[in-house]
Amino acid sequence: MGKVVLKLGNDISTDAIYPGRFMATVLPTETPQYCFADYTGFNTKARTEGFPPGSFIVADDNFGCGSSREQAASTIKGYELKVVAKGFARIFLQNAINLGLHCIECPKIEASEGDELELKGTKLLNKTTGKEFDVLPMPAARQAIIDADGLIAYTRKRLLEKQKA
Amino acid sequence: MGMTVVEKILARATGQEKVKAGDVLEPKVDLAMSHENAALVINQFKEIYKGTNLKANVWDPSKIAIIFDHRVPAESAKTATNQKKIREFVAEQGIDKFHDIRADEGGICHQVLPESGYVRPGAVIVGTDSHTTTHGAMGAFSFGIGATEMASVWTLGTVLNVEVPKTIKVIVNGKFNENVGPKDLILYIIGKLTAQGANFKVIEFHGETIKNMSLSGRLVLCNMSVEAGATSGIVPADKETERYLREVAGVTDEINFVAPDEDADYVQVMEINTAVIQPQVACPNTVDNVKQVSTVTDKKINQIVIGSCTNGRLDDLKTAADILRDKKISKGVRMLVFPASWRIYKEALNEGYVSDLINAGAVVMNPGCGCCLGVHQGALGDGEVSLSTTNRNFKGRMGNPNAEVYLCSPAVAASSAITGYITVPEKGNN
Ligand code: SF4
């Protein structure tokens, strides 16, 4: 359960999530300071007060379009936020899965900032409006990476298997 | 049901007779490209090996390419230190497809790869850059991935969990109108498909117009396919691909032409006649906000940019030079030119294009990404407007969220430099 702390529209680009001018900063421990840097209100709140873990960002379609920069996933992950979107751009979604940022594809989601959301299996419940929405399941191949706790651990496991063979 | 080009490539890369859209595969990688973000890849690569008692060596140094282009020469101590770390890693691992900040080998990764002969038809190519789609122009399946995924490729030599994408077939016929070319075509297509219309799909280009198009133009189409969300663009390899590989890239070994089956399965077919396409412009702040140039001609411009991995090639510089020769850029407008590689820069010098541009008032910068991603050079002031031949106009893209970016062809950019307003190129240019 958590509150919607940011509500966004369609085609939110990686330049909006993590502007290019901060791209020389790469370490997941350092990227959170620039999260949505040009949304100054949100960024200031994130850095000063933070959010309760499990809070949500909600967006419409094509969230994370644009560049392959992984900082866009690590910067959000730094605040333990979950992202609910009607749809995600491919590279962003894969980066999120690889780094363990929780993304929920929910094609019909309706929510406003401040609403309380709860994930219940394959449904997402907006407790504020009382409406419930279907969540699309993750393909099995992606689930394997999530279950292994991210791509680093998953690749390490595969590497060790290869060594044994 | 037959196979598309990408399905055929993936069948070969996984040693299977047949694959189809939706299958999840782990293809072998023929080329793995990174730029300065290799600094993060190295970090994640070392993480993978932590606690394994194994020495962290890449799977095959001959299949890794690293090209410095995003911030060259380094704009900050941080970038310079990242670049230093990468140089050390490259030397330690024996990676020789490394292009440093040097005028005898440097440039933007998406130009250096094709012109160096690293891209082959039928190959599987991954790059830590979303515009890795560019190399589909040479008949490869080439797509962008993140840094951690690249670290995994460096370790295993395969990309994990690739879901075979569905393919959209785009058939283009007809001769281009005057002052209309590949950039206008791809902007037109993105306007029709929208910024998400090709998400998780491949765009395969066909038709007479494509057949007659130079490789340089095909690179523009595939470069910007990602702006419709495509995993990759692809032009099946043909005579023109072969010409480029032999004459420009100096490749002498056998070429593997991969064509789609007649009965391949396409999720969507789009037919375009070029007669309907007039000069196009993508307006702020999304690439699919495409209009005809003639409808926005009252827009005053502060900065013109010609260059990038989209339109910084020799034919683009020629177009600009032909329009600006013996003319002057409008007062109050600054024009920045970034050739896509040093090789192109030298060719443009020899042809006299660089003098033409400089005499008109343009600042010809060193090859590299320059102001395309808003980190390095040519930032915009608050409220300023840039007209650019690059590929993205998202808010903040050129370093200032309070500035606007319009995207267009080199002909529109050069014509607008003279008037200071977004301008339809005059007849007779091209
Ligand atoms: S020129 Fe621009 S789009 Fe191309 S690789 Fe460089 S930053 Fe990316």
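Residues numbered from 1 in each chain as written. Chains lettered and ligands numbered in written order. Predicted model: local features only at pLDDT ≥ 70, side-chain atom pairs only at ≥ 80, totals over all residues. Heavy atoms only, no water.

### Details of unusual backbone geometry
A negative phi angle characterises most non-glycine residues, just as the trans form characterises most peptide bonds. A cis geometry characterises the amide bond from Val72 of chain B onward to Pro73 of chain B, with omega recorded as -20°. Within the chain, Asp149 of chain A stands out as a residue other than glycine whose phi angle is a positive 80°. In this structure, Asp149 of chain A sits in the loop between α5 (140–147) and α6 (151–164). Judged by relative accessible area, Asp149 of chain A falls into the exposed class, the value being 69%. Despite not being glycine, Asn161 of chain B has its phi angle at roughly 55°, a positive value. Along the chain, Asn161 of chain B turns up in the loop between α5 (147–156) and β7 (162–163). Look at Asn161 of chain B and you get buried, because its relative accessible area is 18%. (Helix = DSSP H or I, 4+ residues; strand = E, 2+ residues; numbered from the N terminus. Buried < 20%, exposed > 50% of the residue type's maximum accessible area, 1.4 Å probe, protein only.)

### Here we look at the packing of aromatic side chains
Here the structure, examined in full by the defined rule, presents 17 aromatic pairs over all chains. Aromatic side chains Tyr18 of chain A and Phe22 of chain A sit 6.5 Å apart centroid to centroid with 75° between the ring planes, which places their arrangement in the edge-to-face category. A residue is classified by how much of its surface remains accessible, and Tyr18 of chain A, at 0% relative accessible area, is buried. Taken together, a centroid distance of 5.7 Å and an interplanar angle of 75° make the contact between Phe45 of chain B and Trp154 of chain B edge-to-face. Taken as a pair, Phe45 of chain B in helix α2 (residues 38–49) and Trp154 of chain B in helix α5 lie far apart in primary sequence, 109 residues in all. Across the pair, Trp154 of chain B and Phe45 of chain B agree in class, each one buried. An aromatic cluster is built from Phe36, Tyr39, Phe42, Phe51 and Tyr79 of chain A, whose rings are joined through pairwise contacts. Here the basic side chain of Lys97 of chain B rests over the ring of Tyr118 of chain B, its NZ or CZ set 5.3 Å away from the ring centre. Note that Lys300 of chain B overlies the ring of Tyr421 of chain B, its terminal NZ or CZ placed 5.7 Å from the centroid. (Phe/Tyr/Trp six-rings, centres within 6.5 Å; stacked < 30°, edge-to-face > 60°. Lys NZ or Arg CZ within 6 Å of the ring centre and 35° of its normal.)

### With respect to the pattern of salt bridges
Proximity of charged atoms lets side chains of opposite charge pair with each other. Under the criterion given, the structure shown has 32 salt bridges over all chains. Salt-bridge contacts for Arg397 of chain B lead to Asp15 of chain A; the nearest nitrogen and oxygen are separated by 3.3 Å. One end of the pair, Arg397 of chain B, is in the loop between β17 (385–388) and β18 (404–407); the other, Asp15 of chain A, is in helix α1 (residues 14–17), on a second chain. The same class applies to Arg397 of chain B as to Asp15 of chain A, namely buried. Across the pair Lys63 of chain B and Asp60 of chain B runs a salt bridge whose closest N-O atoms are separated by 3.8 Å. Its relative accessible area of 28% is what places Lys63 of chain B among the partly exposed residues. Connected through salt bridges with shared partners, the residues Lys318, Asp322, Arg325 and Asp356 of chain B form a single ionic network. (Salt bridge = Lys/Arg side-chain N within 4 Å of Asp/Glu carboxyl O.)

### What about the sheet that holds strand β3 (residues 82–85) of chain A?
Residue and element names in this part refer to chain A. Pairing within the open sheet is mixed, and its seven strands lie in the order β4-β3-β2-β1-β5-β6-β7. Two strands in the sheet have a free side with no partner beyond their single neighbour: β4 (103–105) and β7 (131–134). Direction aside, the axes of adjacent strands within the sheet are offset by 30° on average. Pairing analysis gives four bridges linking strand β5 (residues 116–120) to strand β6 (residues 123–126), with the strands arranged antiparallel. Bridge assignment links Glu118 to a residue of β6, and that residue is Leu125. (Pairing = 2+ DSSP bridges. Axes fitted to C-alpha atoms, helices over the stretch in contact; angles between N-to-C directions.)

### Details of the interface of chain A and chain B
Each side of the interface is counted separately: chain A has 44 residues, and chain B has 48 residues. Taken over both partners, the interface formed by chain A and chain B buries close to 3,900 Å², and the fraction arising from carbon and sulfur atoms is 57%. On inspection of chain A and its partner chain B, the count reaches three salt bridges. Joining chain A to chain B, the criterion identifies 21 residue pairs in polar contact (both at pLDDT 80 or more). (Contact = heavy atoms within 4.5 Å. Buried area = accessible area lost by both parts, 1.4 Å probe. Polar contact = N/O pair within 3.5 Å; in protein donor to acceptor, adjacent residues only side chain to side chain.)

### Brief notes about the site of the ligand
All names here are of chain B. Surrounding the ligand, one finds His70, His110, Asp129, His131, Ser308, Cys309, Cys369, Cys372, Leu373, Asn391 and Arg397. Judged by its atoms lying within 2 Å of the grid points, the ligand is housed in the largest cavity. Taken together, the residues of the shell around the ligand sort by class into four nonpolar, five polar and two charged. Each of domain 1 (5–272) and domain 2 (279–419) gives at least three residues to the shell around the ligand. (Near = heavy atom within 4 Å. 1 Å grid on protein atoms, 1.4 Å probe; cavity = no way out; pocket = protein on both sides within 12 Å on 5 of 7 lines; lining within 4 Å. Sits in = over half its atoms within 2 Å of the grid points. Nonpolar A, V, L, I, M, F, W, Y, C, P; charged D, E, K, R; others polar. Domains from an automatic or database assignment.)

### Points about the pairing of strand β5 (residues 124–127) of chain B
Residues and elements named next belong to chain B. Covered by surrounding structure in β5 are Val124 and Val126 together with Ile125 and Gly127, the residues of both alternating faces. One ladder, built from three bridges, connects strand β2 (residues 31–34) with β5; its direction is parallel. Along β5, the bridge assignment pairs Ala32 with Val126. Relative to strand β6 (residues 141–144), β5 runs parallel, the two being bridged by four bridges.

### Focus: the environment of Phe205 of chain B
Residues and elements named next belong to chain B. Here Phe205 is to be found in strand β9 (residues 201–206). Spatially, the C-alpha atom of Phe205 lies 29 Å from that of Gly157, the residues being 48 residues apart in sequence. If we skip the residues at most four places from it in the chain, Phe205 touches Val170, Ile186, Ile189, Ile210, Leu221, Cys222, Ser225, Gly233, Ile234, Val235 and Pro236.

### Section: the sheet that holds β9 of chain B
All names here are of chain B. Here four strands make up an open sheet; going across it, the order is β10-β9-β8-β11 and the pairing parallel. The outermost strands of the open sheet, each flanked by one partner alone, are β10 (232–234) and β11 (268–273). Across the sheet, the mean angle separating the axes of adjacent strands is 20° when strand polarity is ignored. Relative to β10, β9 runs parallel, the two sharing three bridges. Of the residues in β10, the one forming a bridge with Val202 is Ser232. Together, β8 (166–173), β9 and β11 form the strand contacts of helix α6 (residues 182–193), whose direction differs from that of β11 by roughly 135°.

### Here we look at the confidence of the model for chain A
Of the residues in chain A, 100% reach a pLDDT of 70 or more, and the chain-wide mean stands at 94. Confidence, expressed as mean pLDDT per element, reaches its minimum in chain A at α5 of chain A with 83 and its maximum at strand β2 (residues 56–59) of chain A with 98. (pLDDT = per-residue confidence, 0-100.)

### Remarks on the side chain of Ser34 of chain B
Mapped onto the elements of the fold, Ser34 of chain B is located in strand β2. Residues within four places of Ser34 of chain B in sequence aside, it is in contact with Val41, Ala65, Ile66, Ile67, Thr128, Met150 and Trp154 of chain B.

### Digging into the side chain of Arg71 of chain B
Looking at where Arg71 of chain B falls in the secondary structure, it is placed in the loop between β3 (64–67) and α3 (77–93). Notably, Arg71 of chain B is buried but unbridged: the nearest opposite-charge side chain belongs to Glu75 of chain B, and the N-O separation is 4.1 Å. (Lys, Arg positive; Asp, Glu negative; His and termini not counted.)

### Focus on the packing of α2 of chain B against α5 of chain B
Residue and element names in this part refer to chain B. At a minimum axis separation of 8 Å, α2 and α5 run at an interaxial angle of 55°. The angle between the axes of α2 and α5 places the two elements in the oblique class. In the crossing of α2 with α5, the sense of the turn from one axis to the other is right-handed. The segment α2 lies against α5, with Ala38, Leu40, Val41, Ile42, Gln44, Phe45, Ile48 and Tyr49 engaging Ala147, Thr148, Met150, Ala151, Ser152, Trp154 and Thr155. (Parallel < 35°, antiparallel > 145°, perpendicular 65-115°, else oblique. Left-handed = near helix turned anticlockwise from the far one by under 90°.)

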